[in-house]
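Residues per chain are reported as follows:
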Amino acid sequence: MKKFEWKSVLALALTGVLALGLTACGSSDSKTADAGSAAASDGKAVYRTLDEIKESGTINIGVFSDKNPFGYVDENGEYQGYDVYYARRLGEDLGVDVNFVSTEAANRIEYLQTRKVDVILANFTVTPERAEEVDFASPYMNVSLGVVSKDDNVITSLDNWNADDSIIVISGTTAETYLIANYPDIPLQKFDSYATAKEAFENGTSVAWANDNTEVIAFALQNEGYTVGIPSLGSADTIAPAVSKGNTTLLDWINDEIAALGEENFFHADYEATLADTYGLDYEDSLVVEGGKVNAQ
């Protein structure tokens with residue numbers, strides 16, 4: 001498929017999205033967090049309140065380190081991407097440094113529940129199941145699932161699946177959950193990190209890769225020989241920050257922050273700084289959620 005045709009594919013995938021409905025002060029980039037004790041003595045999740053974070057002078061934010069262009073480490077060892085851009089502004093407005101904690105999809109909830117991080121900003125899709133374990137703030141991006149495959153064997157449907165073929169998924173993602181629930185007979189090849197999944201897919205270990213449609217479309221645009229045959233799979237969803245269950249002081253502050261940032265079109269600026277090179281400006285209004293209000297363009 002020619003490059004210009006991706007615009008129509010992505011536009012189709014994101015049309016009609018209906019879903020539920022951020023640090024200039026010397027951020028400290030680190031893959032680990034010294035955040036104190038892991039859990040309370042009664043076994044319940046623990047967290048730091050907004051005042052405790054302010055008093056400490058540092059907020060621990062979980063982001064991806066291998067998911068370009070949303071969260072990744074560049075050639076200089078610095079965290080970059082759409083979620084990271086947002087995280088730096090969150091720390092700036094809170095008046096604290098940001099300690100970036102590298103997370104994988106499968107341990108995002110665990111990192112909140114064990115106090116390794118205060119906030120997750122790792123391309124975290126809102127689902128009812130996850131909302132039982134963490135508290136989601138207002139959304140800042142639209143998303144759905146998609147499937148990418150090689151040009152010589154483009155997968156356009158998951159029906160009538162060849163039992164000898166498998167699909168790559170990242171453990172702990174909505175793609176894994178969706179396929180297990182809706183296509184239980186399709187063999188899944190599961191990986192903990194995006195880097196290992198990408199390597200396996202390029203080596204031909206599976207015929208397709210199911211992930212957020214933004215991710216698979218970016219992969220196909222950046223790697224010759226691949227096509228997103230299924231640009232939209234399942235329901236349309238949103239991506240939002242997450243905090244530990246019951247951490248209302250931090251949650252309320254983040255929601256107020258998102259609303260205030262919407263007044264300056266912050267997330268459009270974020271998109272233009274971090275995602276435009278990948279997706280182009282034509283998709284900006286379809287992907288960005290401004291001020292926490294879905295479809296408020």
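Residues numbered from 1 in each chain as written. Predicted model: local features only at pLDDT ≥ 70, side-chain atom pairs only at ≥ 80, totals over all residues. Heavy atoms only, no water.

Comments concerning the pairing of strand β2 (residues 58-63)
Taking burial as the measure, the six residues of β2 include five buried ones, the bulk of the element. In this structure, β2 lies alongside strand β7 (residues 119-120), joined through two bridges in parallel fashion. Bridged to Ile61 within β7 is Val119. (Buried < 20%, exposed > 50% of the residue type's maximum accessible area, 1.4 Å probe, protein only. Helix = DSSP H or I, 4+ residues; strand = E, 2+ residues; numbered from the N terminus. Pairing = 2+ DSSP bridges.)

Remarks on the side chain of Arg89
Relative to the assigned elements, Arg89 resides in helix α3 (residues 82-94). A distance of 2.8 Å separates polar atoms of two side chains, one belonging to Arg89 and the other to Asp93. (Polar contact = N/O pair within 3.5 Å; in protein donor to acceptor, adjacent residues only side chain to side chain.)

Notes on the sheet that holds strand β11 (residues 188-191)
Taken in spatial order, the five strands line up as β11-β10-β12-β9-β13 in an open sheet, and their pairing is mixed. The sheet is open, and its two borders are formed by β11 and β13 (226-239), each paired with just one other strand. Going across the sheet, the axis of each strand differs from the next one's by a mean of 25°, ignoring polarity. In this sheet, β13 lies alongside strand β9 (residues 141-150) in antiparallel orientation, the contact comprising eight bridges. Paired with Val148 across the strands is Val228, a residue of β13. Packing of helix α7 (residues 194-202) onto the sheet brings it into contact with β9, β10 (167-170), β11, β12 (208-212) and β13, and relative to β12 it is tilted by some 150°. (Axes fitted to C-alpha atoms, helices over the stretch in contact; angles between N-to-C directions. Contact = heavy atoms within 4.5 Å.)

Side note on the packing of aromatic side chains
Per the stated rule, a full pass over the model turns up 18 aromatic pairs. Ring centres of Phe201 and Trp209 lie 6.0 Å apart, and the angle between their planes is 65°; on these two criteria the pair is classed as edge-to-face. Note on Phe201: relative accessible area 0%, which makes it buried. Ring pairs connect the aromatic residues Tyr82, Tyr85, Tyr86, Tyr140, Phe266 and Phe267, which therefore count as one cluster. (Phe/Tyr/Trp six-rings, centres within 6.5 Å; stacked < 30°, edge-to-face > 60°.)

Overview of unusual backbone geometry
Residue Asn68 is joined to Pro69 through a cis peptide bond whose omega torsion reads 10°. Mapped onto the secondary structure, Pro69 falls in the loop between β3 (66-67) and β4 (71-73). Although it is not a glycine, Arg115 adopts a positive phi angle of roughly 70°. Mapping Arg115 onto the fold places it in the loop between α4 (108-113) and β7. Of note in this structure, Asn160 is not a glycine but carries a positive phi near 55°. Within the secondary structure, Asn160 is located in the loop between β9 and β10.

Describing the packing of α3 against helix α9 (residues 248-262)
The geometry of α3 relative to α9 is characterised by a closest axis approach of 11 Å and an angle of 105° between their N-to-C directions. In this view, α3 runs roughly perpendicular relative to α9, as classed from their interaxial angle. Residues Tyr86, Arg89, Leu90, Asp93 and Leu94 of α3 lie in contact with α9, whose contacting residues are Trp253, Ile254, Glu257, Ile258 and Leu261. (Parallel < 35°, antiparallel > 145°, perpendicular 65-115°, else oblique.)

What about the sheet that holds strand β5 (residues 79-80)?
Pairing is antiparallel across the open sheet formed by three strands, whose spatial order is β3-β4-β5. The open sheet has two free edges, formed respectively by β3 and β5, since each of these has just one partner strand.

A look at helix α8 (residues 213-222)
Where burial is concerned, most of α8 is hidden: eight out of the 10 residues are buried. Buried within α8 are the following residues: Asn213, Thr214, Glu215, Val216, Ile217, Ala218, Phe219 and Ala220.

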